[in-house]
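What follows is the residue order along each chain.
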Amino acid sequence: MVERVNDLDTPERRDRLEALAPERLAELDTEDDTDDDPLGTLPNVDEYDQIRMRLAPNPNGPWHLGNARMPAVIGTYKERYDGWMLCRFDDTDPETKRPELAAYDSILDSIAYLGFEPDEVIRASDRLETYYEHARELIDRGGAYTCSCSAEAFSDLKNNGEPCPHRDKDAALVADEFEAMVNGEFSAGEMVLRARTDITHKNPALRDWVAFRMIDRPHPREAAAEFRCWPMLDFQSGVDDHLTGITHIIRGIDLQDSAKRQQFLYDYFDWEYPEVLHWGHVQIDDYDVSMSTSTIKALIDDGELEGWDDPRAPTIESCKKRGILGEAIVNALVELGTSTSDVDLAMSSVYAQNRELIDDETDRAFFVRDGVERQIVGGPDAGNPPVHPDHEERGTRTIPVEGGVLLESEDLPANGDRVWLKGYGCVRHTRDALEFTGDSIDVVRNEGVPVVHWVPARDNVSLELKTMDGTVTGHAEPGVQSYDPGAELQFERVGFIRIDASSTPMVAYFSHP
RNA sequence: GCUCGGUUGGUGUAGCCCGGCCAAUCAUGCGGGCCUUUCGAGCCUGCGACACGGGUUCAAAUCCCGUACCGAGCACCA
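Since the structure is predicted, the reported quantities are computational estimates derived from the model, not experimental observations.

Student: Honestly, the packing of helix 4 (residues 69-81) against helix 13 (residues 326-335) in this entry has me stumped. Any pointers?
Tutor: A pair of packed helices is captured by two measures, namely the crossing angle of their axes and the spacing between those axes. Where helix 4 meets helix 13, the axes come as close as 9 Å, and the angle between the chain directions of the two elements is 80 degrees. By the angle between their directions, the pair helix 4 and helix 13 is classed as roughly perpendicular. Facing helix 4, whose interface residues are Arg69, Ala72 and Thr76, helix 13 presents Val330, Leu333 and Val334. Classifying every residue of the contact of helix 4 with helix 13 gives 4 nonpolar, 1 polar and 1 charged.

And the structure:
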């Protein structure tokens, strides 16, 4: 029987199924409604009235493209499920990953550039009292103890699955010592509060982790500068996720054990842990600079990069300068999905997305790098290429040839050969000039005459083009002068660019081919 | 050392939970062709992948075991 079914082809099976069980066929047909984004569905969405997610950036510097993945994916899910999105600054380390005051705003700016707006913004450093209250509650429930072991001494015990002497401390003493921590009566390293998990747990990463520690250096935010007793990420984030009603957490595989650690906390408090997804690290091709906040910062400090918006830096600010839309970045990042394995983001994918978004609206212009000058002999006074080849209604540009033209040296034909100056006509290279031939466009179609871009030798605009490989100087056609900073153009046969400054020379950033 | 996770074409991804519509999706990339006064867009077309070995099964990308490789955690970082 099974073999006979296997022998049927798909339409035959459908026919048989329709005859036997039409309702099952309808089910099959509706199973593949797909969304317009490539992300998978979130787990158990039906169990929640509202999907609530959070971005949890550490404000220790401006964002790079990897950081953008969080708002790109979470923001996309928010839109799909009509959910709620929190931006929570996890700024609880004034020492090792010290927050940078300017980063709070710059991160919010980057999120906005990507096209998203958090429904609420909070800072962990505003919430210390809340964490203290929960720590007291945890101590009351027997879930934590103060410990004055050195990090090394505790690590040795822990690795052998042995408790430290402080583990069975009297609850009242724990409470007192914790208040002393809160009051700043200890210095860094002298005392911590540990979560009591399972000191013999087979995974050593979960054994009695630190919940609070002392930090001597004041927090850079004035409002938080007086505190010395700071929660660790697992405690702070665990409490906040519950209090803000987060239903779905998405975070990196480096935090794979976090949920397991925090589960002990949730058990003590009798809370329900949110759904959690982990994704791998993102690497990026095409850049020589690694996608790491600290690396980029170091290169800027050393003068290797001009700043966070240097086109060689894989940052959001640099993309913005280059005219790469936030939407293009988001589309490319969303395409990466949320797999747990490490992924490479191909910049060609970002470029393809951006091209699709801006191509139709972007005016065309000529830009000649390292120009070779030649006089034009005979022929009209000016060329008139279209503003956009697909939109005749947008008109034409007027580019004079009086006084000669500049061609890219590679485009200058050999003596005696012809070349078609785009928007002007066919010319022949004779000794030291270009003679207008009056040939029709058929010579391009049938005889293989190359088509090249050009600019007037005199009436042109000097322009510096900043690219990932350094700055290129050259000359643009006169009309480029009239574009304001922020405008995007396509330099024909060169690529898309964004005008950055109307100075002399003008400054533009190269977007992509 | 202990623990946890991963491996689908050049890149990314879908499918895996619930084995059969999978001779494996879509995008990007690269190659051809058409069109074209761009190296852009559009249209047509081609290239190219289930890490390896066993097992279960009528049937395995999908389930199980092992191997290899990659990654992560075992911080008083996030």
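Student: Where do I start with unusual backbone geometry in this structure?
Tutor: Excluding glycine, residues mostly have negative phi values, and the peptide bonds linking residues are mostly trans. In this model, Thr504 is joined to Pro505 through a cis peptide bond whose omega is -5 degrees. Positive phi, normally seen in glycine, also occurs at Asp82, with a value near 55 degrees. What makes Asp82 exposed here is its relative accessible area of 66%. Despite not being glycine, Arg493 shows a phi value in the positive range, around 70 degrees. Relative to the helices and strands, Arg493 resides in the loop between strand 25 (488-491) and strand 26 (495-501). In this structure Arg493 comes out as partly exposed when scored by relative accessible area, which is 47%.

Student: Whenever I open this one, the pattern of salt bridges confuses me. Can you help?
Tutor: Any two side chains of opposite charge can pair if their charged atoms end up close together. For the structure shown, the criterion picks out 29 salt bridges. One salt bridge connects Arg88 with Asp241, and the closest N-O pair in it is separated by 2.8 Å. With Arg88 in strand 2 (residues 84-89) and Asp241 in helix 9 (residues 233-243), this pair connects stretches of sequence that are 153 residues apart. We classify Arg88 as buried; its relative accessible area is 0%. Judged by its relative accessible area of 1%, Asp241 is buried. A salt bridge links Lys260 to Asp257; the shortest N-O distance between them is 3.9 Å.

Student: Is there a simple way to think about the pairing of strand 25 in this case?
Tutor: As defined by bridge partners, strand 12 (residues 363-365) adjoins strand 25 across 3 bridges and the pair is classed as parallel. The residue of strand 25 that forms the bridge with Asp363 is Leu489. Where strand 25 folds back on strand 26, the antiparallel hairpin that results is connected by 3 residues, among which Arg493 adopts a positive phi of roughly 70 degrees.

Student: It is not clear to me how the sheet that holds strand 20 (residues 433-436) should be interpreted in this structure. Could you clarify?
Tutor: Across a sheet, paired strands are connected by hydrogen bonds in the backbone, their directions being either parallel or antiparallel. Ordered in space as 21-18-19-20-14-17-22, the 7 strands form an open sheet in which the pairing is mixed. Where the open sheet ends on each side, the last strands, each with one partner, are strand 21 (451-452) and strand 22 (455-456). In this sheet, strand 21 lies alongside strand 18 (residues 418-421) in parallel orientation, the contact comprising 2 bridges. Within the sheet, the bridge partner assigned to Trp420 lies in strand 21 and is Val451.

Student: Any chance you could explain the protein's contact with RNA strand B here in plain terms?
Tutor: Residues in contact with RNA strand B amount to 56 residues; listed here are only the nearest, Lys97, Lys158, Arg213, Lys422 and Gly423. Backbone sugar and phosphate groups make up 67% of those atoms of RNA strand B lying within 4 Å of the protein. Between a phosphate oxygen of RNA strand B and a main-chain N or O atom of Leu336, the distance comes to 3.3 Å. Here a phosphate oxygen of RNA strand B and a side-chain polar atom of Arg445 are 2.6 Å apart. Counting only elements with at least two residues in the surface near RNA strand B, the list comes to helix 1 (2-7), helix 2 (10-20), helix 7 (151-159), strand 6 (210-214), helix 10 (258-269), strand 11 (343-345) and helix 14 (347-358). Here the surface near RNA strand B gets 4 residues from one element, more than from any other, and that element is helix 14.

Student: What's the story with the sheet that holds strand 7 (residues 229-231) in this structure? I'm lost.
Tutor: Judged by pairing direction, the sheet is antiparallel, and its 4 strands sit side by side in the order 4-5-6-7 without closing on themselves. With partners counted over all chains shown, the strands left at the sheet margins are strand 4 (144-147) and strand 7, one partner each. Each strand of the sheet is rotated relative to its neighbour by a mean of 20 degrees, with strand direction disregarded. In the sheet, strand 6 pairs with strand 7 via 3 bridges, with the strands oriented antiparallel. Its bridge partner being in strand 7, Phe212 is matched across the sheet by Pro231.

Student: Looking at this structure, how should I read the packing of aromatic side chains?
Tutor: The way to describe two aromatic rings as a pair is by their centre distance and the angle between their planes. With the rule as written, the count across this model stands at 15 aromatic pairs. Geometrically, the ring pair formed by Phe269 and Trp271 is stacked, given 4.5 Å between the ring centres and 20 degrees between the ring planes. Like Phe269, the residue Trp271 is buried in the burial classification. With a centroid separation of 6.0 Å and an interplanar angle of 50 degrees, the aromatic rings of Phe366 and Trp454 are classed as tilted. In this pair, Phe366 sits in the loop between strand 12 and strand 13 (367-369) while Trp454 sits in the loop between strand 21 and strand 22, placing the two residues 88 residues apart along the sequence. Assessed through its relative accessible area of 0%, Phe366 is described here as buried.

Student: Explain the nonpolar core here, please?
Tutor: Grouped together as the largest cluster of nonpolar side chains are 45 residues, with contacts concentrated most on Leu42, Leu65, Ile250, Ile329 and Leu345. Counting residues per element, this core draws most heavily on helix 13, at 6 residues. In contact with Ile250, not counting residues within four places along its chain, are Leu42, Arg54, Met70, Val73, Ile74, Tyr77, Leu277 and Trp279. With 44 residues, the next largest nonpolar core counts Trp84, Cys164, Ile249 and Tyr266 among its residues.

Each value, and the rule that gives it
- Residues numbered from 1 in each chain as written.
- Chains lettered and ligands numbered in written order.
- Predicted model: local features only at pLDDT ≥ 70, side-chain atom pairs only at ≥ 80, totals over all residues.
- Heavy atoms only, no water.
- Axes fitted to C-alpha atoms, helices over the stretch in contact; angles between N-to-C directions.
- Helix = DSSP H or I, 4+ residues; strand = E, 2+ residues; numbered from the N terminus.
- Parallel < 35°, antiparallel > 145°, perpendicular 65-115°, else oblique.
- Contact = heavy atoms within 4.5 Å.
- Nonpolar A, V, L, I, M, F, W, Y, C, P; charged D, E, K, R; others polar.
- Buried < 20%, exposed > 50% of the residue type's maximum accessible area, 1.4 Å probe, protein only.
- Salt bridge = Lys/Arg side-chain N within 4 Å of Asp/Glu carboxyl O.
- Pairing = 2+ DSSP bridges.
- Near = heavy atom within 4 Å.
- Polar contact = N/O pair within 3.5 Å; in protein donor to acceptor, adjacent residues only side chain to side chain.
- Phe/Tyr/Trp six-rings, centres within 6.5 Å; stacked < 30°, edge-to-face > 60°.
- Core = buried A, V, L, I, M, F, W, Y, C linked by side-chain atoms within 4.5 Å.

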